[in-house]
Amino acid sequence: MPMPSSSSCIDTLRLSHAERRDLLDRLEREADAQKYLEMRGDQRINFERRSGVVMKLYHPGGSSINYLIRPRNISRTGIAFLHGNYVHIDSRCGLLLKTVHGQAKLIHGKVVWCRHVVHRVHEVGAQFEDPIVLSAFVDSLVRADMVDGDDASHELPSLHGRLLYVEDSVDDRDLLQFHMSQLGVQLDTLPDAVEAIGHLQNQPADLTLANVCLPGMTGLEMTQMLRAEGYNRPIVLLTANPNRPSDEEARAVGVTAVLHKPYTFEQLLATLRDHLPAAAADDAPPPEPVLSEHWGNVRMRPLILNFLSRLDNQLGQLRQCVEGPAGDPVLEKMCLDLRGSAGGYGFPQISEAAERLYQHAADGTNLEELQRDFTQLETLCRSACDTAATTPVPPPAGRERS
């Protein structure tokens, strides 16, 4: 179910910015707040958001209410925030947090403590169901990492493309997620090789990083199976064993390169530079949110969501066609199909992008231009999916909100 925007949520605090700022300063000075530190498993850092954060509070009977809360601090395992009501311990909640790149993420958790502060104001602590990567949500951590250390004078490159990371270790996945948040790379993660093979067959990645030791099937076996089926994208294996696999063993099954753990950020960056496209200096800024022109039609909205749910698979097939032989009639047909359906579902931007890709494919445009057209189309499609997932449903005309 799409999460609402802050403008459609209940604000129980109703404090001005100055009042909220004074209250937060007071909380920082309070000595008795130290007793709540004992309940925190990780160090927390300030996480104030002037516009607030949307919280969906779930009730035992299955209903839910959307509130606008004011975050105070955050850690990888939880968040503290100000709210205008008492919240029962163990209440389930979902928090809509934005990443440093502006993407909305719904983080599920439960309330673990709640205390009265003053008047109607309560401070609430929620624990996340799964730890988050702090640098993905806290901009100051990204900036600090970019200026600290011996390489402070070197600007990090901006890379494009999609990276698949096949790794069963949560610690290793978090580490790579932290690095990728600085580089503009779209990261997908999977815990085992069998699932990765199915994923790559439908949606090839620009680069696949895979651990050698994986449950059920090793990274070497995964690579061998993918190569036997004609998969030709780069695959880099990671290993903590300094002796295995040998370079000869890896090359024999089609491995592109081997990266040894623990790797440095510089070693990882060199691998990414070799196999991911660099962002052009004149790249256009991220597009505005893409919302269907028919979103206000309640009866049509389920059809729109079904259309968007099928886009990911279509994009994977289109990518394969773009990188296939020139003059592929399947590519041209898919572009025309998407052009028609996207326009019908109220997405003229996607329809126009599909038309450009079709024209260039029919004209025999070079691969680089086709890939640029595809990237623009993919960006619009993903923006449409993200926008639908975070756009509130307008109330029916003539009815008051409860």
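Residues numbered from 1 in each chain as written. Predicted model: local features only at pLDDT ≥ 70, side-chain atom pairs only at ≥ 80, totals over all residues. Heavy atoms only, no water.

K.L.:
I keep staring at the confidence of the model for the protein chain and nothing clicks. Help me out?
P.N.:
Reading fine detail from the predicted coordinates is not recommended where pLDDT is low. With 81% of its residues at a pLDDT of at least 70, the protein chain reaches an overall mean of 78. The spread of mean pLDDT over the elements of the protein chain runs between helix H2 (residues 34-37), the lowest at 44, and strand S7 (residues 121-128), the highest at 92. Taken together, the stretch residues 31-41 has pLDDT below 50 and engages in 7 contacts with residues farther than four places along the chain or on a different chain. For residues 280-286, every residue scores under 50 in pLDDT, and the model assigns this stretch 1 contact once sequence neighbours within four places are set aside. (pLDDT = per-residue confidence, 0-100. Helix = DSSP H or I, 4+ residues; strand = E, 2+ residues; numbered from the N terminus. Contact = heavy atoms within 4.5 Å.)

K.L.:
I would appreciate a short explanation of the pairing of strand S8 (residues 162-166) in the present structure.
P.N.:
The side chains of a regular strand alternate between both faces of the sheet. Counting buried positions along S8 yields 5 of 5 residues, so the element is predominantly enclosed. Burial of the side chains of S8 extends over both faces: Arg-162, Leu-164 and Val-166 are buried on one face and Leu-163 and Tyr-165 on the other. As paired elements, S8 and strand S9 (residues 186-190) share 5 bridges and run parallel to each other. Residue pairing for S9: Arg-162 is matched across the bridge by Gln-186. Of the pairings in the sheet, the one linking S8 to strand S10 (residues 207-211) comprises 4 bridges and is parallel in character. Of the residues in S10, the one forming a bridge with Leu-164 is Thr-208. (Buried < 20%, exposed > 50% of the residue type's maximum accessible area, 1.4 Å probe, protein only. Pairing = 2+ DSSP bridges.)

K.L.:
Help me understand helix H10 (residues 311-322) in this model?
P.N.:
The α-helix winds at 3.6 residues per turn, so residues separated by three or four positions along the chain end up facing the same way. Helix length check: H10, at 12 residues, gives a terminal C-alpha distance of 16 Å against a target of 16 Å (1.5 Å per residue), a fit within 8%. All of the buried residues along H10 are Leu-311, Leu-315, Gly-316, Leu-318, Arg-319, Cys-321 and Val-322. Contact partners of the buried residues in H10: helix H5 (193-202), helix H9 (301-309), helix H11 (329-344), helix H12 (348-362) and helix H13 (367-390). (Expected span 1.5 Å × (residues − 1).)

K.L.:
I tried to follow the state of the cysteines on my own but got confused; where do I start?
P.N.:
Here, the word disulfide means a covalent bond between the sulfur atoms of two cysteines. A full pass over the atoms with the stated rule returns 0 disulfides. Of all cysteine sulfurs in the structure, the one in Cys-385 sits closest to Cys-381, which takes part in no disulfide; the separation is 7.0 Å. (Disulfide = S-S within 2.5 Å.)

K.L.:
Teacher, can you tell me more about the nonpolar core here?
P.N.:
Generally speaking, a soluble globular protein has its nonpolar side chains buried in company with each other. By size, the foremost hydrophobic cluster in this structure holds 30 residues, and its most contacted members are Leu-318, Leu-338, Phe-347, Ile-350 and Leu-377. Elements represented by at least two residues in this core include exactly H9, H10, H11, H12 and H13. With 7 residues, H13 is the largest single contributor of residues to this core. With residues near it in sequence (within four places) discarded, Leu-338 still touches Phe-307, Leu-311, Gln-314, Leu-318, Ile-350, Ala-354 and Leu-377. In this structure, Ile-79, Val-87, Cys-93 and Val-111 belong to the second largest nonpolar core, which totals 25 residues. (Core = buried A, V, L, I, M, F, W, Y, C linked by side-chain atoms within 4.5 Å.)

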